[in-house]
There are 2 protein chains.
Amino acid sequence: MLEELTSLKEQLLFQGKFEHQEFKNIVIAGMGGSGIAGSIFAEIFDACPIETVSDYSVPAYVNHDTLFIAISYSGNTEETISAFRDAERKGAQTAAITSGGTLSKICRNTLIIPGGLQPRSAIGYMLAPLIASLIPGSSGDLKEASRTVEKIDSSNAQIKEEAGVLVREKKLPVIFGFKPFESVAYRWQTQFNENAKMLAFSAFFPELDHNQIMALESSYGRDSLAYYYFSGASGRVRDRIKFTIDLTGIEARQIPVEGRSRIAQIMHLVHYGDYFSYYAAIERKIEPRDVTTIEKLKKLLSQI
Amino acid sequence: MLEELTSLKEQLLFQGKFEHQEFKNIVIAGMGGSGIAGSIFAEIFDACPIETVSDYSVPAYVNHDTLFIAISYSGNTEETISAFRDAERKGAQTAAITSGGTLSKICRNTLIIPGGLQPRSAIGYMLAPLIASLIPGSSGDLKEASRTVEKIDSSNAQIKEEAGVLVREKKLPVIFGFKPFESVAYRWQTQFNENAKMLAFSAFFPELDHNQIMALESSYGRDSLAYYYFSGASGRVRDRIKFTIDLTGIEARQIPVEGRSRIAQIMHLVHYGDYFSYYAAIERKIEPRDVTTIEKLKKLLSQI
């Protein structure tokens, strides 16, 4: 698993691009560890309407003006394949990012990425081509992101310590995100789920100040959760984070953001969460790579 | 509070519409109890790209092709006002739904709705005009929705009992949604937050089968949560819900969906959650209307 984690720095330098013509909107389909690449991309791309789909079909508006991108690391994710066929039926321009599988056979415009990893460990291979293909002039930022995550590979003793505390106190993590780090907060949640087999939750500023803040102050069970937020907020959102912590009295740990570009900052935080959840698994004496239940579910679904 | 709840059936019959010209995409801004109207609408409307914004600004692509709708029950929500100004600056066609406040003064195309309620109790006033204005032929569905929620007003003893069990067992609710009930699951979460001052979380099928399922099976703390899912799923999603519960061994309670049209089904589930969270507050001996901490936060923010 550690070897997979340390490959992220190379993944971000992966040179692949997919072809596309002009388009007026983008729809990206993907689930779990593949879907998160689309979610992160959708949070930084805003040149046209963009929607992510984690389901079997695409919205009714999809047509020849749509660039539809299917992302499935294995190429065999049933929801993504179904969404791909739906998008094709609706006349969208299609592309796929995958290491192989059915998707590589049914999509003529497929970018093949290196296989052999856990999908969630291949986030760089899936995200870098989206950025390289659709955001001109982004190669410098991807290089910076690569350097930034490499620093975590070589220095993560503190993350290990934090993960140890979390698990020994038997708390479940709640990660507070804000734009452009909402998908990062969700990524942390899912990495705790898959690597450490721990429930985890995410919430977002400023939205949570309109509802969850009431519960943070006085819910039973609030001390069974561990709260984390990212540094790097500015303006009103920064003020809101400070005031929310003060008013509710929760103990919230700040996770430091590093990097200059948004892409580097996002990947820094993603990688921080990768190690955090990995070390949480180690502390729980759980194999981080194990996803037996997901495999069992796929088998059950294939039999009906 | 009960009086506010029982007004939903009339709200759904509210006849207001806002004006609009042609558009190619929609952006709806709103926070908390006002924002949820936009989220529910975005889940049922798919004639063009639609995005909800819970923040201070709108995406860069917003221009004269965009119909921008600001929803703020008070008319004074700072994020929504800021997003409105941003959308105007970017040349969008604008509309607002509000009971008054600043928004009614700065937006020329404002639909005024009845005031005096808690924003989260006025969801019908904010949702019905979106549907009436943008989905032709929807008045029958809104009438059905009104009749469907009325049934809950007159018969909710079982919901009271369920809420009593939840609170006495000191569990935190996790609500599993799926399309078109993802926003409903989030609405339940926020109603538990504001009414009952309880932490609550939501997750979505089929996405959660790619990550959270691993934690549902073996996370510590999983028995401190109470799991709910809605009836009414079909096909693969229905199979997934069944298999996920079987494989993980979680105790999950099914919430029955009623109504024929999607709008009626959604409003039935919304209203079920309204009562559930209301009775949870009563069981906790907490005033459901109280949102003192949110008010304190607004005051702090106004002073800097």
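On a predicted model such as this, the values are computed, not experimentally measured, just so you know.

Novice: I would appreciate a short explanation of the sheet that holds strand β3 (residues 66-71) of chain A in the present structure.
Specialist: Strand pairing in a sheet is mediated by backbone hydrogen bonds. Such pairs are either parallel or antiparallel. All names here are of chain A. If you trace the five strands from one edge of the open sheet to the other, you get β2-β1-β3-β4-β5, paired in parallel fashion. The two strands at the open ends of the sheet, each matched to only one other strand, are β2 (50-53) and β5 (110-112). Within this sheet the neighbouring strands show an average axis-to-axis angle of 15 degrees, counted without direction. Relative to strand β4 (residues 93-98), β3 runs parallel, the two being bridged by five bridges. Its bridge partner lying in β4, Leu67 is registered against Gln93. Packing against the sheet, helix α3 (residues 32-44) makes contact with β1 (25-29), β2 and β3, and its axis sits at approximately 160 degrees to β2. Contacts between helix α4 (residues 78-89) and the sheet are confined to β1, β3 and β4, with β3 contributing the most and set at about 160 degrees to the helix.

Novice: What exactly am I supposed to notice about the interface of chain B and chain A here?
Specialist: A common measure of how large an interface is: the accessible area buried when the components associate. Listed as interface residues are 67 residues of chain B and, on the opposing side, 67 residues of chain A. Of the roughly 6400 Å² buried where chain B meets chain A, counting both sides, 65% is carbon and sulfur surface. The salt bridge partner of A:Arg240 is B:Glu79, with a shortest N-O separation of 3.0 Å. Seen at the junction of chain B and chain A, the total is 32 residue pairs in polar contact (both at pLDDT 80 or more). For the side of chain B that touches chain A, the secondary structure elements donating two or more residues are α4 (78-89), α8 (157-168), β6 (172-177), α9 (182-196), α10 (212-218), β8 (225-230), α11 (235-248) and α13 (292-302) of chain B.

Novice: Help me understand the packing of aromatic side chains in this model?
Specialist: Geometrically, a pair of aromatic rings is defined through the distance of the ring centres and the angle of the planes. All names here are of chain B. Inspection of the entire model under this criterion finds 33 aromatic pairs over all chains. Ring geometry for Trp188 and Tyr228: centres 6.4 Å apart, planes at 45 degrees, overall tilted. On the criterion of sequence distance, the pair formed by Trp188 in helix α9 and Tyr228 in strand β8 is long-range, its members being 40 residues apart. Each member of the pair, Trp188 as well as Tyr228, is classed as buried.

Novice: Would you take a moment to explain the relation of the copies chain B and chain A for this structure?
Specialist: In this structure, two copies of a chain are linked by a rotation about an axis accompanied by a shift along it. Superposing chain B onto chain A takes a rotation of 180 degrees combined with a translation of 0.0 Å along the rotation axis, leaving an RMSD of 0.0 Å. Here the symmetry operator amounts to a two-fold rotation axis. Minimal C-alpha distance to the rotation axis in chain B is attained by B:Pro49, lying at 3.2 Å. When the interface residues of chain B are mapped onto chain A, 100% of them again fall at the interface, so both copies present the same face.

Novice: Would you explain the domain arrangement of chain A in this entry?
Specialist: All names here are of chain A. For chain A, the assigned domains are domain 1 (2-136) and domain 2 (143-283). Taking only C-alpha atoms into account, the centre of domain 1 sits 26 Å from that of domain 2. Between domain 1 and domain 2, the contact holds 16 residues from the first and 26 residues from the second. When domain 1 packs against domain 2, the two sides together hide about 2000 Å² of surface, and 67% of this comes from carbon and sulfur. Sorting the residues of domain 1 by area buried against domain 2 places Leu5, Glu43 and Arg120 first, and these three jointly supply 35% of that buried surface. Here domain 1 and domain 2 share two salt bridges between them. A salt bridge links Arg120 to Glu194; its shortest N-O distance comes to 3.2 Å.

Novice: Honestly, the pairing of β2(A) in this entry has me stumped. Any pointers?
Specialist: The two faces of the sheet receive side chains in turn, since in a regular strand these alternate between them. Sheet analysis places β1(A) next to β2(A), joined by four bridges and oriented parallel. By the bridge assignment, A:Val27 is partnered in β2(A) with A:Glu51.

Novice: Please clarify how the pattern of salt bridges should be interpreted in this entry.
Specialist: Side-chain pairs of opposite charge can arise whenever the charged atoms involved come near each other. One pass over the structure, following the stated rule, counts 40 salt bridges over all chains. Salt-bridge contacts for B:Arg240 lead to A:Glu78; the nearest nitrogen and oxygen are separated by 3.4 Å. Taken together, the positions of B:Arg240 in helix α11 and A:Glu78 in helix α4 put the pair across two chains. Overall, B:Arg240 belongs to the buried group, its relative accessible area being 4%. In this structure, A:Arg260 and A:Glu144 form a salt bridge, with 3.8 Å as the shortest nitrogen-oxygen distance. Within this pair, whereas A:Arg260 is found in the loop between β9 (252-255) and α12 (262-283), its partner A:Glu144 is found in helix α7 (residues 139-154), the two being separated by 116 residues in sequence. Given the relative accessible area of 9%, A:Glu144 is considered buried. Shared partners join several salt bridges into a network, and the residues in it are A:Glu78, A:Glu79, B:Asp209, B:Arg236 and B:Arg240.

Cut-offs and rules
- Residues numbered from 1 in each chain as written.
- Chains lettered and ligands numbered in written order.
- Predicted model: local features only at pLDDT ≥ 70, side-chain atom pairs only at ≥ 80, totals over all residues.
- Heavy atoms only, no water.
- Pairing = 2+ DSSP bridges.
- Helix = DSSP H or I, 4+ residues; strand = E, 2+ residues; numbered from the N terminus.
- Axes fitted to C-alpha atoms, helices over the stretch in contact; angles between N-to-C directions.
- Contact = heavy atoms within 4.5 Å.
- Buried area = accessible area lost by both parts, 1.4 Å probe.
- Salt bridge = Lys/Arg side-chain N within 4 Å of Asp/Glu carboxyl O.
- Polar contact = N/O pair within 3.5 Å; in protein donor to acceptor, adjacent residues only side chain to side chain.
- Phe/Tyr/Trp six-rings, centres within 6.5 Å; stacked < 30°, edge-to-face > 60°.
- Buried < 20%, exposed > 50% of the residue type's maximum accessible area, 1.4 Å probe, protein only.
- Least-squares fit on C-alpha atoms with pLDDT ≥ 70 in both.
- Domains from an automatic or database assignment.

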